[in-house]
Amino acid sequence: MPKTKQTLSSNRRAFCANTLGLLALGPLGALGLSGCGAGADAGEVSGQAAPKRQGAPGAFTHPGLLHTQADFDRISQKVAARAAPWFSDWLLLLQNNLASNTWNPDARPVVYRNDGVHGDNVQVLQWDVMAAYLNALQWKITGNTAAADTAVRILNAWGSTLTAINTTDGHYDGFLAAGLQGYQFANVAEIMRGYSGWAAADIATFQQMMLNVFYPMVGASNNNLQIFSSWDLCAIAASVAIAVLCDDQARFDDAVRRFQHGTANGAIAQMTYYIHPGYLGQTQESGRDQGHNTLSIALVTVICEMAWNQGVDLYGYDNNRVLAACEYTAKGNLIQSGSTYYTVPFAPYAIQGFSTTTFATGGQGIQRPAWALIYNHYANRMGLAAPYTKKFSQLVAPETGGSYPQGGGTWDQLGYGTLLFTRDPLPADAPPSGLTAVTTAGQVVLSWWGSTNATSYNVKRATAPAGPYTVIATGITDLLTYTDRGLANGTYYYVVTAVTPSGETAASNQAQAVAGSKLHTLLAFDEGAGAAAGDTSGNGHGAALVNGAAWAPGKGGQGSALALNGGGAYASLPANLLDTVGDFTIAAWVYWNGGQTWARIFDFGTNTLQYMFLSPRTSRGTMCFAVTLNGGFGECIVDAPAPLPAGQWTHVAVTLSGTDLAIYVNGTVVKTASGVFIPPYQLGHTTQNWLGRSQYSGDPTFNGMIDDFRILQGAASAADIAALCGATSNLHTWLTFGEGGGATAADASGNGHTATLAGTAAWTAGRQPLAKALSLPGGGAHVSLPAGLVDNLSDFTMAAWVYWNGNQTWARILDFGSNTTRYMFLSPRTGRGTLGFAITTNGSRAEYRVDAPAPLPSGQWVHVAVTLAGADFTIYVNGVAVKTASGVNLPPLQLGTTTQNWLGRSQFSSDPSFSGKIDDFRIYRGAASAADIAVLAGAQ
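Residues numbered from 1 in each chain as written. Predicted model: local features only at pLDDT ≥ 70, side-chain atom pairs only at ≥ 80, totals over all residues. Heavy atoms only, no water.

Attention now goes to helix α17 (residues 930-937). The buried fraction of α17 amounts to six of the eight residues, a majority that puts the element mostly inside the structure. Of the residues making up α17, those classed as buried are Asp932, Ile933, Ala934, Val935, Leu936 and Ala937. In this structure, the buried side of α17 is in contact with β32 (703-713), α16 (718-725), β39 (796-804), β44 (861-869), β45 (872-877) and β48 (915-925). In the stretch just after α17, Gly938 is the one whose phi turns positive, near 70°. (Buried < 20%, exposed > 50% of the residue type's maximum accessible area, 1.4 Å probe, protein only. Helix = DSSP H or I, 4+ residues; strand = E, 2+ residues; numbered from the N terminus. Contact = heavy atoms within 4.5 Å.)

Throughout the structure, instances matching the rule amount to 33 aromatic pairs. Pairing Phe837 with Phe873 gives two aromatic rings, centres 4.2 Å apart and planes at 25°, and the pair type is stacked. With Phe837 in strand β42 (residues 836-840) and Phe873 in strand β45, this pair connects stretches of sequence that are 36 residues apart. Site record: aromatic cluster; members linked through ring pairs are Tyr273, Tyr274, Tyr349 and Phe677. The ring of Phe825 carries the charged tip of Arg812 above its face, separated from the ring centre by 3.8 Å. For the cation-ring pair, Arg905 lies above Trp902, with the distance from its terminal atom to the ring centre recorded as 3.9 Å. (Phe/Tyr/Trp six-rings, centres within 6.5 Å; stacked < 30°, edge-to-face > 60°. Lys NZ or Arg CZ within 6 Å of the ring centre and 35° of its normal.)

Below, the discussion takes up the environment of Thr736. With respect to the secondary-structure elements, Thr736 resides in the loop between β33 (731-735) and β34 (744-745). Take Thr736: its relative accessible area is 15%, and that puts it in the buried class. If we skip the residues at most four places from it in the chain, Thr736 touches Gln558, Ala746, Ala748, Lys772, Asp919 and Asp920.

In this structure, Met192, Leu691 and Phe709 are the most contacted members of the largest nonpolar core, which totals 181 residues. The biggest single contributor to this core is helix α4 (residues 122-142), with 14 residues. For Met192, the contacting residues outside a window of four places in its chain are Ala136, Trp139, Ala148, Ala151, Val152, Leu155 and Trp198. Core analysis: the next-biggest nonpolar cluster, separate from the first, contains 46 residues, Trp763, Leu793, Val850 and Phe914 among them. (Core = buried A, V, L, I, M, F, W, Y, C linked by side-chain atoms within 4.5 Å.)

It is worth spelling out the pairing of strand β17 (residues 518-523) at this point. Across a regular strand the side chains alternate sides, sitting on one face of the sheet and then on the other. Burial of β17 is extensive: five of the six residues sit out of reach of the surface. Pairing between β17 and β32: five bridges, direction antiparallel. Across the sheet, the residue bridging to Leu523 is Phe709, located in β32. (Pairing = 2+ DSSP bridges.)

Looking now at the sheet that holds strand β10 (residues 443-449). In space, the three strands of this open sheet follow the order β9-β10-β13, with antiparallel pairing throughout. One side of each edge strand has no neighbouring strand; the edge strands of this open sheet are β9 (433-440) and β13 (481-484). Ignoring which end each strand starts from, the neighbouring axes of this sheet average 20° apart. With four bridges connecting them, β10 and β13 associate as antiparallel partners. By the bridge assignment for β13, Ser447 is matched with Thr481. Sheet strands touched by helix α12 (residues 317-332): β9 and β10. Its angle to β10, the strand with the most contacts, is close to 75°. (Axes fitted to C-alpha atoms, helices over the stretch in contact; angles between N-to-C directions.)

The next subject is the side chain of Thr521. By the element assignment, Thr521 lies in strand β17. A distance of 2.8 Å separates polar atoms of two side chains, one belonging to Thr521 and the other to His520. Sequence-distant contacts of Thr521, that is, excluding residues within four places in its chain, are made with Asp535, Ser537, His541, Leu573, Leu577, Phe709, Arg710 and Ile711. (Polar contact = N/O pair within 3.5 Å; in protein donor to acceptor, adjacent residues only side chain to side chain.)

The subject of this paragraph is the pattern of salt bridges. Within this structure, the stated rule accounts for 25 salt bridges. The shortest N-O distance in the salt bridge between Asp247 and Arg193 comes to 3.2 Å. With Asp247 in the loop between α8 (229-245) and α9 (249-261) and Arg193 in the loop between α6 (173-192) and α7 (200-218), this residue pair connects regions lying 54 residues apart in the sequence. With relative accessibility at 30%, the residue Asp247 sits in the partly exposed group. For Arg812, the salt bridge identified is with Asp815, shortest N-O distance 2.8 Å. (Salt bridge = Lys/Arg side-chain N within 4 Å of Asp/Glu carboxyl O.)

For sheets, the rule is that strands pair by backbone hydrogen bonds, running either parallel or antiparallel. Ordered in space as β18-β19-β22-β31-β24-β25-β26-β27, the eight strands form an open sheet in which the pairing is antiparallel. A strand with exactly one partner marks an edge of an open sheet, and here the two such strands are β18 (532-533) and β27 (636-639). Where strand β26 (residues 624-628) meets β27, four bridges bridge the pair, whose relative direction is antiparallel. If you follow Cys624 over to β27, its bridge partner there is Asp639.

Time to look at unusual backbone geometry. Across the junction of His62 and Pro63, the peptide omega takes the value -15°, indicating a cis bond. For Pro63, the location among the structural elements is in the loop between α1 (10-23) and α2 (69-80). Cis geometry is adopted by the peptide bond preceding Leu479, which originates at Asp478 and carries an omega value of -10°. Here Leu479 lies in the loop between β12 (470-476) and β13. The backbone of Tyr416 sits at a positive phi, close to 60°, despite the residue not being glycine. Tracing the backbone shows Tyr416 in the loop between α14 (387-396) and α15 (417-421). In this structure Tyr416 comes out as buried when scored by relative accessible area, which is 2%. Despite not being glycine, Asn547 shows a phi value in the positive range, around 60°. Residue classification places Asn547 among the exposed positions, given a relative accessible area of 52%.

An α-helical turn contains 3.6 residues, so any two residues separated by three or four positions project in the same direction. For α6, with 20 residues, the first-to-last C-alpha span of 28 Å sits near the 28 Å given by 1.5 Å per residue. At Gly182, α6 shows its maximal kink, close to 30°. Counting buried residues in α6 gives 20 out of 20 residues, a clear majority hidden from the surface. (Expected span 1.5 Å × (residues − 1). Bend = angle between axes of the 7 residues up to and from the residue.)

Set out below in structure tokens:
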């Protein structure tokens with residue numbers, strides 16, 4: 001994709017500056033961690049909850065990083081019992097020369113790692129950290145005080161000696177030592193803080209050294225570790241570990257925030273870049289090389305375990321996004337057969353100076369000792385299936401740890417997970433969980449998390465939220481995804497069960513999806529006052545008016561519109577607005593005053609990395625849609641041929657079906673593009689969903705007005721878009737009844753079919769707050785439309801919103817004719833007790849009649865529509881066809897030049913006049929489709 005604008009926020013500039021500094025080193029391999037590059041070493045979960053935080057700042061659990069006292073109790077029991085597989089890994093640990101109880105530290109005042117000036121001595125630190133860790137474990141598992149004294153001797157030596165970890169002239173590998181050995185050293189100290197042989201003053205000295213030397217290099221204010229996920233993850237890991245060691249609640253909270261919501265590539269949304277069906281989470285470094293990619297896995301799970309032991313569940317955050325990354329990476333690094341690796345899907349990825357479209361093969365198959373922790377949390381704590389992680393944990397078992405003189409990637413993780421993290425399986429089968437359903441390319445794609453003992457899965461579907469469910473697929477094993485194809489338009493509900501040796505489990509959570517399209521958000525902006533705009537879709541997606549956003553007359557003077565002054569005003573929509581939306585339609589009436597570049601009609605996202613927007617004019621001089629998971633470098637961009645017209649009301653719409661995107665202006669498609677591979681749900685939990693404001697603070701806010709803003713789940717057809725904007729030549733009459741005063745109602749179609757209020761017809765509150773509608777109180781009140789209104793109509797559509805007070809027979813919603821011989825009418829209840837339509841040129845005995853199954857619902861707003869296609873007639877209520885009939889061989893044009901075209905009044909003087917309200921009355925030439933009617937009704 002071409003690059004979008006290069007204007008950067010301050011954070012983005014810092015990010016890019018650091019990137020350029022790193023790239024000055026040469027090829028991307030030069031960015032690597034020594035020895036570990038290519039060729040080197042929505043949801044629910046079952047099982048346990050994370051232990052609860054104590055609540056007060058500083059009330060940390062100790063020991064509480066990678067290991068708790070409960071962990072050590074379990075491990076000690078297993079080792080004492082010589083239980084497999086714990087004991088075999090324990091023996092491996094004791095065989096490591098770094099586990100010697102006589103190890104002597106070699107502390108240095110300054111550590112150097114590839115700084116380009118000094119000789120490296122980082123391995124001295126790496127050896128001492130690992131020696132201290134292995135001795136600390138011996139003390140906690142067996143009570144060996146000689147080992148404890150050795151660990152303390154190492155901690156004290158470095159705590160009193162180390163003053164700096166050097167970086168010089170843009171050579172940043174010292175930051176890696178600060179992150180990697182920082183989290184490891186803090187873990188050793190956390191284990192040993194409970195040893196009576198470690199003096200309180202020495203503990204304080206070590207803590208201060210960690211705060212003074214390590215933390216400034218890994219804290220949030222440092223951007224040098226942000227370029228690839230493994231760099232930032234080691235910084236976050238060290239930050240978490242140091243915060244717990246030093247009982248620093250603020251630093252702990254900041255590290256959690258960086259993981260959940262940060263803009264560096266260690267944040268989980270960037271680290272797990274793209275979620276493929278079946279919850280394969282493509283990782284940020286998966287296209288770089290597998291040495292670094294698997295290091296990101298080793299680090300992210302260390303972070304999760306340390307947070308878990310302090311009562312914060314990062315493992316399960318965002319529907320187990322970490323597990324999605326682990327499963328993807330494990331699968332891509334496992335042999336399927338012979339020498340052939342499993343294939344994994346891949347979405348294009350780009351940052352400044354680096355882009356890729358394929359899963360990297362450099363270092364493929366690297367066997368880091370990091371998988372036991374991952375598998376045992378998800379499978380044996382939570383009951384979740386992790387099939388590829390399981391295979392990898394079995395491949396590397398029993399896990400080893402650092403061992404001189406291997407160096408490089410050996411020291412990136414502590415290892416021995418078979419001993420330290422293996423857990424007994426849960427006693428009961430958990431049901432599947434985390435089920436999601438997303439519509440893409442018109443098909444419903446399901447993904448779910450499996451159960452540890454499942455042999456297969458069943459998918460069940462219903463058309464009502466509580467069922468009953470019908471089994472639509474069985475025997476699903478791998479991947480845990482299913483695509484439901486060929487569905488009729490409507491809303492569907494799904495659950496999944498697992499088949500285990502014990503039988504079928506309970507059902508998963510229920511997921512909902514839409515085939516066709518369904519109204520998601522409708523901001524009519526007809527309030528005209530106040531600081532909020534209601535969502536009349538009923539989904540609660542109302543908007544808050546912010547920073548001077550105001551009201552103005554709506555399109556055509558009807559109702560009101562959102563007014564944005566270009567000076568900071570915008571409207572804010574709720575968080576997570578699109579987190580279940582795949583195919584979509586976004587449409588609005590827009591009045592842009594012009595003279596801006598990079599303003600936004602809408603911009604939905606979280607920051608300058610994850611967003612989707614529509615701009616009336618970019619620096620390329622065109623209206624533009626863009627969506628990205630990785631900022632400007634990763635944007636999918638679609639440019640219209642021209643900017644949005646300025647100084648006039650324009651209807652604009654964007655649709656996505658699968659990877660096919662279309663931009664419409666005034667009901668006409670002006671640009672189509674394929675390959676738009678980022679649907680809205682991939683943006684995740686968006687927190688900044690704005691009309692008129694950009695994620696980039698340097699962009700101008702929108703200057704103009706927005707009216708009738710809609711989001712639909714599903715890609716509307718060209719006919720749907722034309723129906724929404726009324727720009728089709730098929731629109732014959734459109735009475736919005738937004739005037740609110742006077743004796744006439746304008747025809748917004750532009751065809752001059754102005755209506756006149758007669759009798760006691762008046763104005764009243766409309767369907768939307770502060771909007772207006774036609775009030776017909778009975779007693780002769782009606783509206784008169786021009787003569788000859790239907791004399792050129794054959795196939796037609798007539799539709800309106802109607803509020804009927806009830807208790808009437810033979811009243812009229814509409815009655816177009818000349819007398820009691822020639823007419824067509826729609827009555828909310830006929831003498832036959834049903835909503836009924838009739839047309840005749842020879843009086844009541846010759847009527848073509850079509851009766852709905854029931855009368856029009858009373859005491860509520862109801863959308864009603866009738867269509868004629870040839871001789872086929874249909875009645876719709878609230879967007880659903882309730883009656884169809886063939887053989888209606890009398891189109892309206894056969895009535896001739898009708899002279900009495902009324903809303904609310906009958907050709908028969910004895911019939912009562914309508915009692916209630918009417919809003920948004922429309923006539924179209926041609927029979928609208930069911931999808932068109934659903935759009936008009938807001939029922940899809």
